[in-house]
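The primary structure of each chain is shown beneath.
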Amino acid sequence: MTFLSLIYGVFLLCVLGIYWSAQTQTQRLWALVITSLLFYAALPTPGGPSPVYSLLLPIFSIFLLMTSAVVNFWLGRSLSQRSAVGLHGDPQLSEAEWQFAQEEWNYRRTWILASGIVFNVALLLSFKYAPFFLRTIGTLLGSSVVLTTADVIAATIIPPLGLSFFCFECIAYLIDIYRGAPATPQFLKFAAYKFFFPKLISGPITRYHPLAIQFKSLTPPTPDRVAEGLWLIACGALKKGLVADNLGRYVDLVFNPDTGNLLRAGSGDLWLATAAYGLQLYLDFSGYVDVALGSALLLGLNLPQNFDFPYCTTSIADFWRRWHMTLGDWLRNYLYFPLGGSRRGLWRTCLNLMVVMLIAGIWHGANWGFIVWGALHGLALVVHRLTDSQSRRRAWLSTLWLSLPGMAIAWFVTQLMVFLTWIFFRLPNLKDSLWVISHLWGQAADAQFVQKIYVETLQLSRPAIALLLLAILVIMGLLYQSRQIFKLQLNWPIKLFLVPICLYAVWQLGPEGTLPYIYFDF
């Protein structure tokens, strides 16, 4: 089952029927947990070493995630007791004894939090990164035994879908409680939060307490909210099924080292594929999030926004405020600020930015390409911070960046950096990605490649593809102008009218066979 399938539509209708027919909050939470587990079990799984393994993989994944949820729930309960009085059970302590007990308890709470963070990070590292670390060690030591062990682990231990998002949410939950937020006393409510199916696989990364507040006051959605939910689902289907998947066909044809197409592509083809992948990634992921937000709205719940026209930004810092916003929020609140943020001087700020973005790169995948991608974004944030520091001291430089030519240059430089670094995202094997970077100029395309890709397969010329990509960017810009500047919005009857038209367009014009969501790999 995937979001863009008839099965999901039937599943969502059944969930809505069961969910809104429940009479109490407890019954609705049970409905969410059970249907979410069924949704997870029905997701397509990667092939294992045997059919039996593939059949048992969803069961094992659910067991692992449920175990993790139980552990984090227990750790949260342990952290929630903030007073030493509750720990020692004697409210008649002297002032000195109470202070000593309080210090002892604060020390213990710190160790509980550290244990929780280590547990979640170890879970993530063991399932997702063990083969990568072993391959790196094996390559450095020249050990065939270590390399073979890495290959065996990679073939037999398949990380559960959504593990990265699951662990990050658990860490956020524990830190929020450590900082003073209340822990939930009900495991059912915590499980409903953790396994809520719209966000379970690829986010948006959601904090527990905003969602828990909504659990307390669930009411059936009004007609305008129903229309908004269906409209978001239709927009998500349009982004993913009609645009992103068609772009993905072209990207897969060019950026495919296995077929040899990558080596036969010319510089123009590499530039076009780079631009197409940047647009595909955004439309694929934001399309997923739109369907998730729309599904949640129909269930009476609001999930956080994850995108806000990131390709209309004029700085890399603003890009990260509007790209994968919940990840950026997580990185700021649970990494950047604890490291000191910008409070310890300019150079310490630059170091913090590099560390945070390196961790962001590692979180995305167990490959050197993702680490390079994170390092480049960290370097770009450092350059922006240094440039911004100089702009504040020199009025003419600040005026330049605020002028129309300055904003145009800033937009071009920002997006050029973002799109070029997507190459490491799409081709995380450094051999392939560095080959693309080194052949963006002066590489002529093989005649057979041109005939096979543009004439026989796509039946589109390079200029036609370039115009299509430009048209997508222009449409994004127009939508940004209408929403952010002119505040134009469609009313809910028009949205409801357009929903079946959008879904019909996806059905008729989308490519045969939906491509997997890109962020399912993360």
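Up top you'll find the structure we're talking about.
Residues numbered from 1 in each chain as written. Predicted model: local features only at pLDDT ≥ 70, side-chain atom pairs only at ≥ 80, totals over all residues. Heavy atoms only, no water.

Asks: Would you mind showing me how to read the overall build of the protein chain here?
Replies: Scanning the protein chain from N- to C-terminus turns up 22 helices and 0 strands. Radius of gyration (C-alpha) of the protein chain: 25 Å, near the 24 Å computed for a compact globule of 522 residues. Expressed as lengths along the three principal axes of its C-alpha atoms, the size of the protein chain is roughly 85 × 60 × 55 Å. For the protein chain, the proportion of its 522 residues judged to be buried stands at 49%. Sequence-distant contacts, at least 24 apart, represent 75% of the contacts inside the protein chain between residues at least 6 apart. Carbon and sulfur atoms form 68% of the exposed surface of the protein chain, whose accessible area is close to 24900 Å². (Helix = DSSP H or I, 4+ residues; strand = E, 2+ residues; numbered from the N terminus. Rg over C-alpha atoms; globule rule 2.2 N^0.38 Å. Buried < 20%, exposed > 50% of the residue type's maximum accessible area, 1.4 Å probe, protein only. Contact = heavy atoms within 4.5 Å. Areas by Shrake-Rupley, 256 points an atom, 1.4 Å probe, with all protein chains shown as cover.)

Asks: Hey, could you run me through the packing of aromatic side chains in this one?
Replies: Each aromatic ring pair is described using two quantities: the centre-to-centre distance and the angle formed by the ring planes. Within this structure, the stated rule accounts for 53 aromatic pairs. On the basis of an interplanar angle of 50° and a centroid distance of 5.7 Å, the ring pair of Phe-132 and Phe-133 is categorised as tilted. The class of Phe-133 is partly exposed, set by a relative accessible area of 38%. Note that Lys-128 overlies the ring of Trp-363, its terminal NZ or CZ placed 6.0 Å from the centroid. Lys-240 extends its terminal NZ or CZ atom over the ring of Tyr-517, reaching a point 4.7 Å from the ring centre. (Phe/Tyr/Trp six-rings, centres within 6.5 Å; stacked < 30°, edge-to-face > 60°. Lys NZ or Arg CZ within 6 Å of the ring centre and 35° of its normal.)

Asks: Is there a simple way to think about the packing of helix α7 (residues 163-178) against helix α8 (residues 187-195) in this case?
Replies: When two helices pack together, their arrangement is captured by the angle between the axes and the distance separating the axes. The interhelical angle for the contact between α7 and α8, taken along N-to-C directions, is 135°, at an axis separation of 10 Å. Between α7 and α8, the crossing angle belongs to the class labelled oblique. Residue-level inspection shows Phe-166, Glu-169, Cys-170 and Tyr-173 of α7 in contact with α8, the latter providing Phe-190, Tyr-193, Lys-194 and Phe-195. Of the residues assigned to the contact of α7 with α8, the class counts are 6 nonpolar, no polar and 2 charged. (Axes fitted to C-alpha atoms, helices over the stretch in contact; angles between N-to-C directions. Parallel < 35°, antiparallel > 145°, perpendicular 65-115°, else oblique. Nonpolar A, V, L, I, M, F, W, Y, C, P; charged D, E, K, R; others polar.)

Asks: Sorry, what's going on with unusual backbone geometry here?
Replies: For residues besides glycine, phi is generally negative; the peptide bonds are generally trans as well. Following Gly-203, the chain continues to Pro-204 via a peptide bond in cis, the omega torsion being 10°. With respect to the helices and strands, the residue Pro-204 is situated in the loop between α8 and α9 (208-216). Located in the positive-phi region is His-324, a residue other than glycine, with phi close to 40°. Locating His-324 in the fold gives a position in the loop between α13 (316-322) and α14 (325-336). Look at Gln-459: it is not a glycine, yet its phi comes out positive at around 55°. With respect to the helices, strands and loops of the structure, Gln-459 is situated in the loop between α20 (447-457) and α21 (462-485).

Asks: Just checking my understanding: could you explain the environment of Ile-518 for this structure?
Replies: Structurally, Ile-518 is set in the segment after α22 (492-509). Expressed as a C-alpha distance, the spacing of Ile-518 and Arg-393, which sit 125 residues apart in the sequence, is 42 Å. Here Ile-518 is in contact with Tyr-277, Gln-280, Leu-281 and Asp-284, once residues within four sequence places are set aside.

Asks: Even after reading the chapter, I still don't get the nonpolar core, so can you show me in this structure?
Replies: The tendency in soluble globular proteins is for nonpolar side chains to be buried side by side. In this structure, Tyr-250, Tyr-311, Trp-323 and Trp-422 are the most contacted members of the largest nonpolar core, which totals 141 residues. Looking at which element gives the most residues to this core, the answer is helix α12 (residues 267-298), with 18 residues. Discounting residues that sit within four places of it in the chain, Tyr-250 has contacts with Asp-269, Leu-272, Ala-273, Ala-276, Ile-453, Tyr-454, Leu-458 and Ile-465. Within the second largest apolar cluster, 5 residues are counted, among which are Trp-231, Ala-234, Cys-235 and Cys-502. (Core = buried A, V, L, I, M, F, W, Y, C linked by side-chain atoms within 4.5 Å.)

Asks: Teacher, can you tell me more about the packing of α8 against α9 here?
Replies: For the pair α8 and α9, interaxial distance at closest approach is 10 Å and the crossing angle is 115°. Crossing angle aside, the handedness with which α8 passes α9 is right-handed. Where α8 abuts α9, its residues Lys-189, Phe-190, Ala-192 and Tyr-193 lie against Tyr-208, Leu-211, Ala-212, Phe-215 and Lys-216. Looking at the contact of α8 with α9 residue by residue, the class counts come to 7 nonpolar, no polar and 2 charged. (Left-handed = near helix turned anticlockwise from the far one by under 90°.)

Asks: Looking at this structure, how should I read α12?
Replies: Residues that lie three or four places apart on an α-helix share one face, since the helix turns once every 3.6 residues. For α12, with 32 residues, the first-to-last C-alpha span of 47 Å sits near the 46 Å given by 1.5 Å per residue. With 29 of 32 residues buried, α12 lies mostly within the body of the structure. With its phi angle positive at about 80°, Gly-300 sits one or two positions after the end of α12. (Expected span 1.5 Å × (residues − 1).)

It is worth stressing that arrangement in space is one thing and function is another; only the former is reported here.
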